[in-house]
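This is what each chain is made of:
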Amino acid sequence: MTKETVSTQRAGSSRRTVCPVLSVYGCPGGGSVREQLSGESYDSERSAAVARTLSSRITDRLKDLGLERYKLVVQVVIGEQRGEGVQMASRCFWDADTDSCAKDIYMNDSLFCVAAVFGVYYY
């Protein structure tokens, strides 16, 4: 039996001007991450290609929403699950009233995946 964990987190202001996709829907790639990686085992040679595919899918879903005034950055990291703790951090200089981020975490017995989306408003 495979143990799977999925977690979605959002950061940013709760004000109405925050990037609407990220504040309301969370990470739009959540379903894609689970669909793509469900039942997969970690393969160091394939992980870069899988991360690019996931990133492209998430980017395409975001483009369909028509957020022309936002610069959207998608980052996908896939690594081997060895039972050791992994911590990721990101820093960005932005306007807390309009900018936001969301991340989706997927883990099973052999791999972990973190998909992060950053929405920064163009003034």
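Note that the structure is a prediction, hence the values are computed from the model and not measured.

(A) Structural context of the pattern of salt bridges. Within this structure, the stated rule accounts for two salt bridges. Among the ionic pairs, E40 bridges to R46, the shortest N-O distance being 3.1 Å. Classification of E40 as partly exposed rests on a relative accessible area of 29%. With relative accessibility at 39%, the residue R46 sits in the partly exposed group. Where R82 meets E80, a salt bridge forms, and the shortest distance between an N and an O atom there is 3.3 Å.

(B) A look at the packing of aromatic side chains. Throughout the structure, instances matching the rule amount to two aromatic pairs. When the centroid spacing of 5.2 Å and the interplanar angle of 70° are considered together, the rings of Y70 and Y121 count as edge-to-face. Separated by 51 residues along the polypeptide, Y70 in strand β2 (residues 70–80) and Y121 in strand β4 (residues 111–121) bring together distant segments of the chain. Since its relative accessible area comes to 26%, Y121 is described here as partly exposed. Plain terms: the ring middles of Y121 and Y123 are 5.2 Å apart, the flat faces sit at 80° to each other, and that makes the pair edge-to-face. Overall, Y123 belongs to the exposed group, its relative accessible area being 67%. A network of ring pairs unites the aromatic residues Y70, Y121 and Y123 as a single cluster.

The rules behind each value
Residues numbered from 1 in each chain as written. Predicted model: local features only at pLDDT ≥ 70, side-chain atom pairs only at ≥ 80, totals over all residues. Heavy atoms only, no water. Salt bridge = Lys/Arg side-chain N within 4 Å of Asp/Glu carboxyl O. Buried < 20%, exposed > 50% of the residue type's maximum accessible area, 1.4 Å probe, protein only. Phe/Tyr/Trp six-rings, centres within 6.5 Å; stacked < 30°, edge-to-face > 60°. Helix = DSSP H or I, 4+ residues; strand = E, 2+ residues; numbered from the N terminus.

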